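An overview of the molecular structure
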Amino acid sequence: MNRKLTITLVFLSVAFISGAVYFLYLFEQKNGEVLGSKNFAPLELYAKSLKELDSSDLPDYNKVAADLKEALKLVPPDTDLEGEIKIQLAQVLFQNQPSQAINIFKEVWLNKYYSTNARGHALWLLANHLLANYNENILKQFFTDQNFANLLKNNNFYIGIANIYALTADVRSDVRANYAAAELYTEELLSDNNLSGDEKLSFADIIHSNLKKGDRLLGDSSSFSDLGPYFGSVEEQREGEAYGWRAKALANSYLLNPDLVTKEDVSANFEKAIMVLKGPKSLITKAAEIETRFAYAHWLYEAYGDSHASQIRTILDPLYESKNKLAFGQLKRFFSIEASFSHSNHYHRRGIVILTKIDPRLKTTALETGWTEDSLNMPLTQLNTYPL
């Protein structure tokens, strides 16, 4: 089944981590007793690779991968440091060697010597990459693995990825994973008109459960810092990701049933996510902000129609700022993959058609990424209208 790609922080092929020097300090404090006082070579190589990823618009991925592989030769086995270096290597390799990258992610997840934080981090990023680099052939191969086959339901790869997020939330308390699972299930309800009544009820239960768990964690400030100082990203970024996923889940819930959530609550969550993501200036936060703005703009039209066209264009303005050029590239790739899908009623296809009618800049982007005038001029009545 052709499924969609959500730009998740979805939204980068490599998770760029700032603060390589700080990272080095943290690992010295945490792992000095494991490494010994004279052997910080793997830390130095890892910090060097992070600096290259974080400081360059066009990193030398081959050089970064070589540095990370060299670091793995020097690091003590079955330590979290080894696991974190493997995770970073997997992200770099996903650029051109996705099968190898997936195998490395799986290695970390299946290694019981690593902490649940490290293993959960591998699952979180694995789900992000499978979604952002959606490829049915790769997904078919992935879900034949007996360790993940039970996550695939009715050969629906999209739900399979959602279940990886849910598993991540079960492994460690990660509010982002709860909201991501809820959001992907709501999008499936919006996109698939062939679900049975029992399937819809089952999905609704999963959505409610994950939103409830996420809301409980969101109220605890430690839910972001407890993910560890070196696993993933800065706390502000994690908070922005969480609010972004929550906003999208609530927005979709509103479209499914306006009695479930208020428009004001949806808007407040989108605004909160954008405000937080505008703080940190790493590439991944820029991409997350762009994705959140696109989702917000789409929802505003669905909720209010043409009366909010001016506000929608204002929300989309930062997509075209020069400083966001590389991050915007992720959205363009999303457009390109959507253009190749054969079905025409998917929620995100509808969003692209809607927003290209409102913002000529997006129409230009769509035409540059494989869309045709005919596909962009498709009447909205022929696209999904979200029947329950």
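Every value quoted in this text rests on a predicted model; they were computed, and no experiment measured them.

A few points about the overall build of the protein
Helix and strand counts for the protein come out as 19 helices and 0 strands. Expressed as a percentage of its 388 residues, the buried residues of the protein come to 60%. For the protein, the exposed surface amounts to about 15700 Å²; the carbon and sulfur share of it is 49%.

Details of the pattern of salt bridges
Applying the stated criterion to the full structure yields 16 salt bridges. The partner of Lys248 in a salt bridge is Glu291, and the shortest N-O contact between them spans 3.0 Å. Here Lys248 is found in helix H12 (residues 235-256), whereas its partner Glu291 is found in helix H14 (residues 283-304), with 43 residues between them in sequence. Across this residue pair, the class does not change: Lys248 and Glu291 are buried. Residues participating in the shared-partner salt-bridge network are Arg172, Asp174, Arg176 and Glu241.

Digging into helix H15 (residues 309-316)
Taken as a whole, H15 has its buried residues at Ala309, Ile312, Ile315 and Leu316. For H15, the angular spread of buried residues about the axis comes to 120°, placing them on one side. In the core, the buried residues of H15 are packed alongside H14, helix H17 (347-358) and helix H18 (360-368).

Things to note about helix H13 (residues 263-277)
Helix length check: H13, at 15 residues, gives a terminal C-alpha distance of 21 Å against a target of 21 Å (1.5 Å per residue), a fit within 8%. The set of residues buried in H13 consists of Val266, Ser267, Asn269, Phe270, Ala273, Ile274, Val276 and Leu277. If you follow the buried residues of H13, they end up packed against H12 and H14.

Things to note about the packing of H14 against H15
In contact at an axis separation of 9 Å, H14 and H15 are set at 175° when each is read in the N-to-C sense. Taken together, the axes of H14 and H15 are roughly antiparallel relative to one another. Note on element contacts: H15 touches H14 through Gln311, Ile312, Thr314, Ile315 and Leu316, opposite Arg293, Phe294, Tyr296, Ala297, Leu300 and Tyr301. Considering only residue class, the contact of H14 with H15 consists of 8 nonpolar, 2 polar and 1 charged.

Definitions and limits used
- Residues numbered from 1 in each chain as written.
- Predicted model: local features only at pLDDT ≥ 70, side-chain atom pairs only at ≥ 80, totals over all residues.
- Heavy atoms only, no water.
- Helix = DSSP H or I, 4+ residues; strand = E, 2+ residues; numbered from the N terminus.
- Buried < 20%, exposed > 50% of the residue type's maximum accessible area, 1.4 Å probe, protein only.
- Areas by Shrake-Rupley, 256 points an atom, 1.4 Å probe, with all protein chains shown as cover.
- Salt bridge = Lys/Arg side-chain N within 4 Å of Asp/Glu carboxyl O.
- Arc of directions from axis to C-beta.
- Contact = heavy atoms within 4.5 Å.
- Expected span 1.5 Å × (residues − 1).
- Axes fitted to C-alpha atoms, helices over the stretch in contact; angles between N-to-C directions.
- Parallel < 35°, antiparallel > 145°, perpendicular 65-115°, else oblique.
- Nonpolar A, V, L, I, M, F, W, Y, C, P; charged D, E, K, R; others polar.

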